[in-house]
Amino acid sequence: MTKPTLTSIPVHRAFADALAAGLIARFADGALGLAEGLILLPSNRARSAVQAAFVRAGGRGLLMPRLAVIGDADLDESVALALDGLDDDPIPPAIDPLRRRLLLAELIERHTPDGEAPVAGAAAFQLADGLARVIDQLHYEEVRPAALVDLDLGAFAGHWQASLGRLRLLVDHWPAVLARTGSIDRAERRGRLLDRVAAGWRGAPPARFTVAAGITTAAPAIARLLRTVAGLDRGMVVLPGLDQGMGTDEWEALGPTRPDPENPARPLETHPQYHLKLLLDRMGASRDEVILWDATSEYDGPAARTPFVSLLFAPADYTAQWQVAGDLSAATAGISGAVFADDGQEAQGIALLMREAVETPGRTAALVTPDRGLAERVAAALARWGISVDDSAGQPLSRTPPGALLLLLAELAADFDPVALVSLLGHPLVRKGEGRSAWLDQVRRFDLTLREPGLRPGWDGVSARIAERAADPKARGHGLTVQLRPWWDEVTGTLGAALAPFASGPTPPAILLASLQTGLETLAGDAVWAGPAGRMLAELFDQWALARGDGPALVDPADFPAMLGQLLAQASVRPPYGGHPRLFIWGLLEARLQRADRMILGGLDEGRWPAATKPDPWLAPGIRRLLGLPAPERQQGMAAHDFAGALGAGDIVVTRAERSGGDPAVASRFWLRLAALAGDLPEPRPGGVPLTRLAAELDAPPGDPQPAPRPAPRPPAADRPRKISVTAVDRLARDPFAYYANAMLGLSALDPLSAAPDPRWRGTRVHQLFEDWVRGGATADGFEAELAALAADPALDALDRAFWLPRVEPALRWAAAQVTGAEGRVPVGVEMRGEMAAGGIALHGKADRIDRDTEGRLAIVDYKSGGAPSAKAAFDKLDNQLGLLGLIAQAGGVEGVAAAEVGALEYWSLRPDRRADGAGKISNSYGPRSGLKSAGEAIGHAADALTDLAGRFLLGDAPFVPGEAAGYGDYDQLMRRDEWFGRGEGER
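Keep in mind the model is a prediction, meaning the values are calculated, not measured.

Visitor: Where do I start with the environment of Gly58 in this structure?
Guide: Examined against the element boundaries, Gly58 turns out to sit in helix α2 (residues 44–58). Taking the relative accessible area as the measure of exposure, Gly58 reaches 33% and is therefore partly exposed. The spacing of Gly58 and Ala28 is 30 residues in sequence and 9.4 Å in space, taken between C-alpha atoms.

What follows is the structure in structure tokens.
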């Protein structure tokens, strides 16, 4: 072994290209000198970047060195090529991640410390993920599990002590569970593999040159391997962006790299150089031993950028240097910035910058961001111009069509919901291909059938709704339902049967998974397994099947969707290559060692870049320090190092948004430092126009906004209706446009797609109660039977039974007492229909109840589940319903009721009145304080209103203008109310 060869490529140089240029200069001897070498890299993405750099630097005839990956995230078996005869003493295989998580979840369920509540189901599955990370970190940092027992936790909160107690119990049992599988933890296997390679090279140094490049992970096993490589005769370590210009005192200010009882100072793990300092310390090397890499490339940034980045990230105690930094114009040349109003405009602006780069032949551009939402929005914005761009970080499996279909199916199986059912049946993968059009026709019919109130919950409730509609020729949508019934019977016979295990209580997870697999194939066939996402989903099913029953023996079906959601959200589907060859979207890992002509650093808001630290559910930060594990903040230091490396390019654009997801956003600490040191950054100006202005106006129509005028449709008189209901008269009086949209355009609001009772259903059900009771003789026993039937109605959910029913029952009893106790009034009938001709118009309506008094006069009664209209509304001719029903009754137009004088028009409000012990209230459309003093006056007044409205709107050609009343209506969007309401008449 010789003196270690340690080098560093400064941040202003393009790492991969400078590395390739330097290695070619050293080892390309015209024969196979370069091809005989080995380069160790941190990740598969780094391997791709170095391959591309060699191609750019060496041309088409170059034979590259072998490339092996040894990083944490992408441990690669190619490192095994470094030793011959590795199989003589094989290392046990690594346990499959899903199988390990299942086994850990089972441990968490099975072992509960005394005095602690048990954890099961999805909660155990989620905690198992955190427990796996703790075990891996113990392996990475080579901390013995026995160290958990030696900790003194007297200063920590009780819940952390309880958490550690559970952790000790699990770690004690895990080795035995793992041994039964014949495998070991992935992190332990990586450590063994790297140690074996290092030991082999120390015993028999390879004749080829060996380079470890771009590796910053400070795990002890990696540090030992790098120390070995650096000590080889033809070995070297090339670090990315080590700050060699930082003063010694600043370097020491980053803090200790190992626990020191005499120095309790906490290390500055958020600094971009701390993990490099830790790596050098574990390698047994000092910063002074590191020499500068001498090769350059045409992709390097300005040399002044490296000291600028060092100054930018100076520890807080040394930021006074900013005041004497002098002229930084050379260092900041090529850096620009843009602050957008929201993250949508930020994505538009970034897409514009990338499109601008495409317009220049040969120019490349890359968006670097840890914000996956921003990356997806930029890709979508580029797609509008027909530009496809590869997002190297991929997309969560849960958000791909196969993953979304699986989660929809699991959620429906665990908790039936009509919204989920319609979403599932209409999913793009369901019946994909031939026959999908006919399938969607049935789904639309099915959707409309479920939208009326009163749908009983569950599969049986849907079947009952369809059967009732199909059997009743008078039912709404009867014809459509008759066509729908065979289709629904097929769905329930296949999909419903497949999901039956979810209704059986706690079930083995393998059975639930098989049930979902059958359901997926029933709905989508082979389409669900096609493409990259489908293949990854198939692998997940295979991995679970290969677990051979490992994990919790039984799972509550209600927990299973959450368990699947966690798995699918953590699996990333990377698209196949095929996007634009000069545009890229990189995550921080992908951008670490590669560079484009224009680097766009997006999403520089706190919580996005750097990402907010995620609390460890098992170990408090103080406990992690005691164990020697890295603090969660070290990830922020790594993010700062990535930002510093990307900031070394020649053309840099940094972006952020003032609002993210609709909420105010705070500028990233990196942005604030950059603004404080460099001052106001110039804004990019594509085509001479500020980027933020372009992004804001990209989708805005040219010119000033032109609000729509107040609509006034005027169809010919011959095309207008000649028949109108009493309730439609009130709609015409209050809002002529709403009447026009409903009666002439045939538009009506869809009921919500929900099984829960709504106000309309409650009102209809109360009307049905009184109708059935009166038809049955209006006896006391009969009323109690109707109340019992209401309480047992399967359409009522638990919330209505607990709150609505007890609240409305006193008002229902009050109304029943009014009926049976009314002296001299006898109900003539309920739900009485009537019709008459009035001035060339056919008027029709239905009365909830009609009574007759001892003098032979009629009383028209209308039940209101809420409040009743006021007498003033009747006087203003806005509430004419009861008056017009009285007009029909007086004329003998009610079926089965002879013409007679109407003596009373009554609204029976069933809104509970607390001051009257929950009773309702009877009100009239006339009264002593009203302009209408009697029922006769109210009827005449309503007749006048009908004559006026019919003459203007039905027989005449008056325009159907919107009503003036403010508020919300079913047709506000159709009439574009927001654009004209409140403006002067002359502006309409």
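Visitor: Hey, could you run me through the sheet that holds strand β6 (residues 290–292) in this one?
Guide: Within a sheet, each strand pairs with its neighbour through backbone hydrogen bonds, oriented either parallel or antiparallel. In space, the 6 strands of this open sheet follow the order β3-β2-β4-β5-β1-β6, with parallel pairing throughout. Bordering the open sheet on either side are β3 (66–69) and β6, each of which pairs with just one other strand. Averaged over all pairs of adjacent strands, the angle between strand axes in this sheet comes to 25°, irrespective of strand direction. Note: strand β4 (residues 210–213) against strand β5 (residues 235–240), 4 bridges, orientation parallel. Among the inter-strand pairings, Ala213 is bridged to a residue of β5, identified as Val238.

Visitor: When you look at the pairing of strand β20 (residues 858–864) in this model, what are you seeing that I'm missing?
Guide: Put simply, side chains in a regular strand alternate between the two faces of the sheet. Of all the 7 residues making up β20, 6 are buried; the element is thus mostly covered by neighbouring parts of the structure. Here strand β19 (residues 841–852) runs beside β20; their pairing, made up of 4 bridges, is antiparallel. Note on β20: the bridge partner recorded for Ile850 is Ile860. Connecting the antiparallel pair β19 and β20 is a turn made up of 5 residues, with Gly856 showing a positive phi of about 85°. Across 7 bridges, the pairing between β20 and strand β21 (residues 902–913) is parallel. Pairing of Val861 across the sheet is with Glu906, part of β21.

Visitor: Any chance you could explain the nonpolar core here in plain terms?
Guide: As a rule of thumb, soluble globular proteins bury nonpolar side chains together. Counting 90 residues, the largest nonpolar core has Phe446, Trp544 and Phe560 as the members making the most contacts within it. Broken down by element, the residue count for this core peaks at 9 residues, all from helix α4 (residues 121–140). Once you skip the residues sitting within four places of it in the chain, Phe560 turns out to touch Phe502, Pro509, Leu512, Leu513, Leu516, Trp544 and Val555.

Visitor: Would you take a moment to explain the side chain of Arg608 for this structure?
Guide: Here Arg608 is to be found in the loop between β13 (598–601) and α23 (621–627). Relative accessible area serves as the criterion here: at 12%, Arg608 is assigned to the buried category. Side chain to side chain, Arg608 and Asp371 meet in a polar contact 2.5 Å long. Not counting residues up to four positions away in its chain, the partners in contact with Arg608 are Asp343, Glu346, Pro370, Asp371, Leu374, Arg377, Gly603, Ala657 and Ser660.

Visitor: I would appreciate a short explanation of the pattern of salt bridges in the present structure.
Guide: A side chain with one charge may pair with a side chain of the opposite charge, provided their charged atoms come close. Taken as a whole and assessed by the stated rule, the structure comprises 48 salt bridges. Residue Arg608 is joined to Glu346 by a salt bridge in which the shortest nitrogen-to-oxygen separation is 3.2 Å. Note that Arg608 is positioned in the loop between β13 and α23 and Glu346 in helix α12 (residues 343–358), a separation of 262 residues in sequence. Under the relative-accessibility criterion, Glu346 is labelled buried at 0%. Notably, a salt bridge pairs Asp651 with Arg598, separated by 3.2 Å at the nearest N-O pair. Residue Asp651 is located in strand β14 (residues 651–657), and its partner Arg598 is located in strand β13; the two are separated by 53 residues in the primary sequence.

Visitor: I'm lost on helix α33 (residues 881–890) in this one. Help?
Guide: Along α33, 9 of the 10 residues are buried, which leaves the element largely enclosed by surrounding structure. Taken as a whole, α33 has its buried residues at Gln881, Leu882, Gly883, Leu884, Leu885, Gly886, Leu887, Ile888 and Ala889. Here the buried face of α33 lies against α27 (726–734), β18 (826–838), β19, β20, β21 and α34 (935–954). Immediately downstream of α33, the backbone of Gly892 shows phi near 75°, a positive value.

Visitor: Help me understand the sheet that holds β14, please; the structure alone is not making it clear to me.
Guide: What the 6 strands build is an open sheet, ordered β7-β14-β13-β8-β12-β9; its pairing is parallel. Looking at the sheet topology across the chains shown, the edges are occupied by β7 (335–340) and β9 (390–391). Relative to strand β12 (residues 583–586), β9 runs parallel, the two being bridged by 2 bridges. Opposite Asp391, over in β12, you have Ile585 as the bridge partner. Sheet strands touched by helix α13 (residues 372–383): β8 (365–368), β9 and β12. Its angle to β12, the strand with the most contacts, is close to 160°. Sitting on the sheet, helix α25 (residues 669–678) is in contact with β7 and β14, with an inclination near 120° to β14.

Visitor: Explain the packing of helix α6 (residues 186–203) against helix α7 (residues 220–231) to me, please; I cannot follow it from the model alone.
Guide: Put simply, α6 and α7 touch, their axes get as near as 9 Å, and they point 20° apart. Judged by the inter-axis angle, α6 sits roughly parallel to α7. Both α6 and α7 take part in a crossing whose hand is left-handed. Together, Arg190, Gly191, Leu194, Asp195, Val197, Ala198, Trp201 and Arg202 of α6 and Ala221, Ile222, Arg224, Leu225, Thr228 and Val229 of α7 make up the contact between the two elements. Considering only residue class, the contact of α6 with α7 consists of 8 nonpolar, 2 polar and 4 charged.

What counts as what
- Residues numbered from 1 in each chain as written.
- Predicted model: local features only at pLDDT ≥ 70, side-chain atom pairs only at ≥ 80, totals over all residues.
- Heavy atoms only, no water.
- Helix = DSSP H or I, 4+ residues; strand = E, 2+ residues; numbered from the N terminus.
- Buried < 20%, exposed > 50% of the residue type's maximum accessible area, 1.4 Å probe, protein only.
- Pairing = 2+ DSSP bridges.
- Axes fitted to C-alpha atoms, helices over the stretch in contact; angles between N-to-C directions.
- Core = buried A, V, L, I, M, F, W, Y, C linked by side-chain atoms within 4.5 Å.
- Contact = heavy atoms within 4.5 Å.
- Polar contact = N/O pair within 3.5 Å; in protein donor to acceptor, adjacent residues only side chain to side chain.
- Salt bridge = Lys/Arg side-chain N within 4 Å of Asp/Glu carboxyl O.
- Parallel < 35°, antiparallel > 145°, perpendicular 65-115°, else oblique.
- Left-handed = near helix turned anticlockwise from the far one by under 90°.
- Nonpolar A, V, L, I, M, F, W, Y, C, P; charged D, E, K, R; others polar.

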